[in-house]
Amino acid sequence: MAEHEHVRVAVIGSGFGGLGAAVRLRREGITDFVVLERAGSVGGTWRDNSYPGCACDVPSHLYSFSFAPNPDWPRTFSGQEHIRAYLERVADDFGLRPHLRFDSEVKLMTWDAGELCWHIETASGSLTADVVVSATGPLSDPKIPEIPGLDSFPGRVFHSARWDHDFDLRGKRVAMVGTGASAIQIVPSIQPEVAKLTVFQRTPPWVMPRMDRAIGTAERKLHQALPFTARLRRGLLWGIRELQVQAFTKHPDELGLVEQLAKRNMARAIKDPALRAKLTPDYRIGCKRILLSSAYYPALAKPNVDVVASGVSEIRGSTVVAADGTETEVDAIVFGTGFHVTDMPIAERVVGVGGVTLAEAWKGGMEALRGGSAAGFPNWLSVIGPNTGLGNSSMILMIESQLNYLADYLRQLDTLGGRTALDARPAAVDRWNRRVQERMKRTVWNTGGCTSWYLDANGRNTTVWPGTTSEFRQATRRVDLTEYEVLRKPVQAERTAARSEATA
């Protein structure tokens, strides 16, 4: 980076959120920005998660930008390699390459109240920015539980999001810890080649069939020749999910029929009553994310797979010991134990007004005005921030809504003129979050009887949006300046700075 580099906007992360923000900035006529990426390529979670079987559980035509349709998706539910390739094309097609700064992990971001800008220290240098867009994403920093004896395990240990491709699993005894969205894709992918696979399950997931199929050449050519057909397809996929939201947010009891379908799906593959009992959840479907797989249950029924319905309590040498006392000797341990979602590490590196870190401000739970602005952190906007997650639809819809808000935020700064910043008023943040939490009370995520990663350490649901994507889009259509304190740099200070630049 150039010495004393200053940009109007610094975007953190180059996944869907970061690249989407970059595209929106260019479409708004803003070219004075950088995208700071800690790795050596774009892709975010779709770059980091390259485990066997990795794929999306949202249909391809809905899991893509509305402004960058892809008529060539090869499958109805695309794999990791296709999604990553799509993001690389977005970077190329929208001219984002000159703005990308790879190997530039953000170490510290500090608000300068005098200059009304952010000082950013990265692994590749320092810069300042008027506005920061944090698009690091909640699924970026893997979480591995602290297990006694893990450090002395003689075999291989890795997280699903940091897959060790140099380690050959063939003929090995493998422990799969966790039964979430990654695990149910990994298990059927590695089961045929390992000698023994032991799945350590704390809480069984609800699993529905994954209606995946190849998209034929004729279908793709139709979308290429008549783009409105792809838009229609996307609209139908979106509409179905919008209609489903009521059951999740207002009428969880209506999900009983879906539970029966899920149980039938299990019964078709799992004939052993004892195993079926282990795999049957005791909470309302939807309380945790409903998982999609047509291969998971058949894999668990194979003779080289064991399911231990208990979490791991300790490691003794090469033996994994479960909380129920079960002992299993393994050559490798794979953790599918999720991510730091409600305690994102980036929050420790953001220092706002008065030297308060974002982690300190969020000690009682994450809160942000309309999912993006935190009080005491002026000109800092989060993409996929607090209470913007979804339990049944595409996050790209939420990202695009937040990009609308970002665009209007920058327009408001232009209209105000001069060196200006907007700081969310604590009362506005509190009012927004009280409404969100009030709506959350009757949702399946709060009433379904489970403990999920949607909940923080205090038991508050700070991750999921308790409504439709249409409602969120309406709520983020424009910035309401009454919800912000307008900060201005004194005119005399601006004149002095201008004279200094002129004589430099």
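The structure displayed is predicted, hence computed values, not measured ones. In this numbering scheme, every chain counts its residues from 1 along its sequence in written order. At least 70 in pLDDT is required for a residue's local features to be given in this predicted model, at least 80 for side-chain atom pairs to be given and counted, and no such filter applies to totals for whole chains, interfaces and linings, which use all residues. Neither water nor hydrogens contribute to the side-chain values; these are computed over all heavy atoms in the structure.

### Considering the overall build of the protein
Part 1 of the argument: A helix here means a DSSP run of H or I that spans at least four residues, while a strand means a run of E at least two residues long, and both kinds are numbered starting from the N terminus. From N to C terminus, the protein includes 15 helices and 20 strands.
Part 2 of the argument: For the protein, whose C-alpha radius of gyration is 24 Å, the value lies close to the compact-globule estimate of 23 Å for 504 residues.
Part 3 of the argument: Contacts: residue pairs with any heavy atoms within 4.5 Å of one another. Taking the contacts inside the protein whose residues are at least 6 apart along the sequence as the reference set, 73% of them involve residues at least 24 apart.
Part 4 of the argument: Values of accessible area rely on a 1.4 Å probe in the Shrake-Rupley scheme; residue burial ignores everything except the protein chains shown. Of the accessible surface of the protein, which amounts to about 21600 Å², a share of 52% is contributed by carbon and sulfur atoms. Radius of gyration means the value over C-alpha atoms here, while the globule rule gives 2.2 Å times the residue count to the 0.38 power.

### Re the sheet that holds strand β15 (residues 327–329)
Part 1 of the argument: Two strands are said to pair when DSSP picks up at least two bridges between them. In spatial order, the strands read β13-β14-β15; together these three strands make up an open sheet with antiparallel pairing. Pairing within the sheet leaves two strands with one partner each, and these edge strands are β13 (312–316) and β15. For this sheet, the mean inter-axis angle between neighbouring strands, taken without regard to orientation, is 25 degrees. Convention adopted: a line fitted to C-alpha atoms gives each axis, helices being fitted over their contacting stretch, and angles between N-to-C directions are expressed from 0 to 180 degrees.

### Details of helix α1 (residues 16–27)
Part 1 of the argument: Expected helix span is given by 1.5 Å per residue-to-residue step, counting one fewer step than there are residues. Between its first and last C-alpha, α1 extends 16 Å over 12 residues, near the 16 Å set by a 1.5 Å rise per residue.
Part 2 of the argument: Per-residue accessibility, obtained with a 1.4 Å probe over protein chains only, is compared with the maximum for each type, and a residue is labelled buried under 20%, exposed over 50%, and partly exposed between these values. Among the 12 residues in α1, 10 count as buried, and that is most of the element.
Part 3 of the argument: Looking only at α1, the buried set comprises Phe16, Gly17, Gly18, Leu19, Gly20, Ala21, Ala22, Val23, Arg24 and Leu25.
Part 4 of the argument: Looking one or two residues past α1, glycine 29 carries a phi angle of roughly 85 degrees, positive in sign.

### Some thoughts on the sheet that holds strand β12 (residues 305–308)
Part 1 of the argument: Strand order in the open sheet formed by five strands is β7-β16-β8-β9-β12, and the pairing between neighbours is parallel. For this open sheet the edge positions go to β7 (156–159) and β12, each flanked by a neighbour on one side alone. Across the sheet, the mean angle from the axis of one strand to that of its neighbour is 15 degrees, orientation sign disregarded.
Part 2 of the argument: Of the strand pairs in this sheet, β7 and strand β16 (residues 332–335) are connected by four bridges, and their pairing is parallel. In the strand pairing of β16, histidine 159 is matched with phenylalanine 335.
Part 3 of the argument: Contacting β8 (173–177) and β9 (196–200), helix α4 (residues 183–190) crosses the sheet at an angle of about 165 degrees to β8.

### Digging into the pairing of β8
Part 1 of the argument: Judged by how many residues are buried, β8 sits mostly within the fold: four of five residues are covered.
Part 2 of the argument: Two elements, β8 and β9, share five bridges in a ladder whose sense is parallel. The partner of valine 174 across the bridge, within β9, is leucine 197.
Part 3 of the argument: With the strands pointing away from the viewer, any crossover whose connection runs clockwise from the first strand over the helix to the second is right-handed. Considered for its hand, the β-α-β crossover made up of β8, α4 and β9 is right-handed.
Part 4 of the argument: Examined bridge by bridge, β8 and β16 share four bridges and lie parallel to one another. Within β16, the residue paired with valine 174 across the bridge is alanine 332.

### Considerations on helix α7 (residues 256–269)
Along an α-helix, residues three or four apart share an orientation, since each turn contains 3.6 residues.
Part 1 of the argument: Taking 1.5 Å of rise per residue, 14 residues should cover 20 Å, and α7 covers 21 Å from first to last C-alpha, within 8% of that figure.
Part 2 of the argument: Listing the buried residues of α7 in full gives Gly256, Glu259, Ala262, Asn265 and Met266. With its buried residues spanning 165 degrees around the axis, α7 presents them on a single face. Exposed residues lying more than 90 degrees from the buried face of α7 are Leu257, Arg264 and Arg268. Each direction from the helix axis to a C-beta atom contributes to the arc, which is the arc of those directions.

### Overview of the state of the cysteines
Part 1 of the argument: Throughout, a disulfide means two cysteine sulfur atoms within 2.5 Å of one another. All told, the structure shown has one disulfide when counted by the stated rule.
Part 2 of the argument: Paired by a disulfide, cysteine 287 and cysteine 450 hold their sulfur atoms 2.0 Å apart. Given an S-S torsion of about -90 degrees, the disulfide between cysteine 287 and cysteine 450 has left-handed geometry. Of the two residues, cysteine 287 sits in the loop between α8 (273–279) and β11 (291–292) while cysteine 450 sits in the loop between α13 (444–447) and α14 (469–475), which places them 163 residues apart along the sequence.

### Some thoughts on the packing of α1 against helix α11 (residues 395–416)
Part 1 of the argument: The geometry of α1 relative to α11 is characterised by a closest axis approach of 10 Å and an angle of 40 degrees between their N-to-C directions. Taken together, the axes of α1 and α11 are oblique relative to one another. Relative to α11, α1 is oriented so that their crossing is right-handed. On the side of α1, the interface is formed by Phe16, Gly17, Gly20, Ala21, Arg24 and Leu25, while α11 contributes Ile396, Ile399, Leu403, Asn404, Leu406, Ala407, Leu410 and Arg411. What sets the label is the angle itself: under 35 degrees gives roughly parallel, over 145 gives roughly antiparallel, 65 to 115 gives roughly perpendicular, and the rest give oblique. For any helix crossing, the convention is left-handed if the near helix is rotated counterclockwise from the far helix by under a right angle, and right-handed if that rotation is clockwise.

### Topic: the nonpolar core
Part 1 of the argument: Counting residues in hydrophobic clusters, the biggest one holds 106 residues, and the most contacted among them are Phe16, Leu197 and Leu300.
Part 2 of the argument: Among the elements that line this core, the one with the most residues is α11, at 11 residues.
Part 3 of the argument: Contacts of leucine 197, omitting those with residues within four sequence positions, involve Val174, Met176, Val187, Ile190, Gln191, Asn304, Val305 and Asp306.
Part 4 of the argument: For this analysis, a nonpolar core means a set of buried residues of the types Ala, Val, Leu, Ile, Met, Phe, Trp, Tyr and Cys, connected via side-chain atoms within 4.5 Å. Ranked by size, the runner-up nonpolar core spans 26 residues in total, among them Ile120, Leu358, Met366 and Trp380.

### Here's the deal with the side chain of arginine 47
Part 1 of the argument: As for its placement among the helices and strands, arginine 47 is situated in helix α2 (residues 45–48).
Part 2 of the argument: The definition of a polar contact used here is a pair of N or O atoms within 3.5 Å, where within protein one atom must be able to donate a hydrogen and the other to accept one, and adjacent residues in sequence count solely through side-chain atom pairs. A polar contact is formed between the side chain of arginine 47 and the backbone oxygen of serine 41, at a distance of 2.7 Å.
Part 3 of the argument: Leaving out residues up to four positions away in the same chain, arginine 47 has contacts with Ser14, Glu37, Ala39, Ser41, Val42, Gln80 and Arg84.

### Describing the packing of α1 against helix α3 (residues 80–93)
Part 1 of the argument: Taken N-terminus to C-terminus, the directions of α1 and α3 make an angle of 20 degrees; their axes are 11 Å apart at the nearest point. Taken together, the axes of α1 and α3 lie roughly parallel to each other. As for the relative orientation of α1 and α3, their crossing is left-handed in sense. Seen from α1, the contacting residues are Phe16, Leu19 and Val23; seen from α3, they are Ile83, Tyr86, Leu87 and Val90.
Part 2 of the argument: Amino acids outside the nonpolar list (Ala, Val, Leu, Ile, Met, Phe, Trp, Tyr, Cys, Pro) and the charged list (Asp, Glu, Lys, Arg) are all regarded as polar, and Gly is one of them. Its residues assigned to classes, the contact of α1 with α3 shows seven nonpolar, no polar and no charged.

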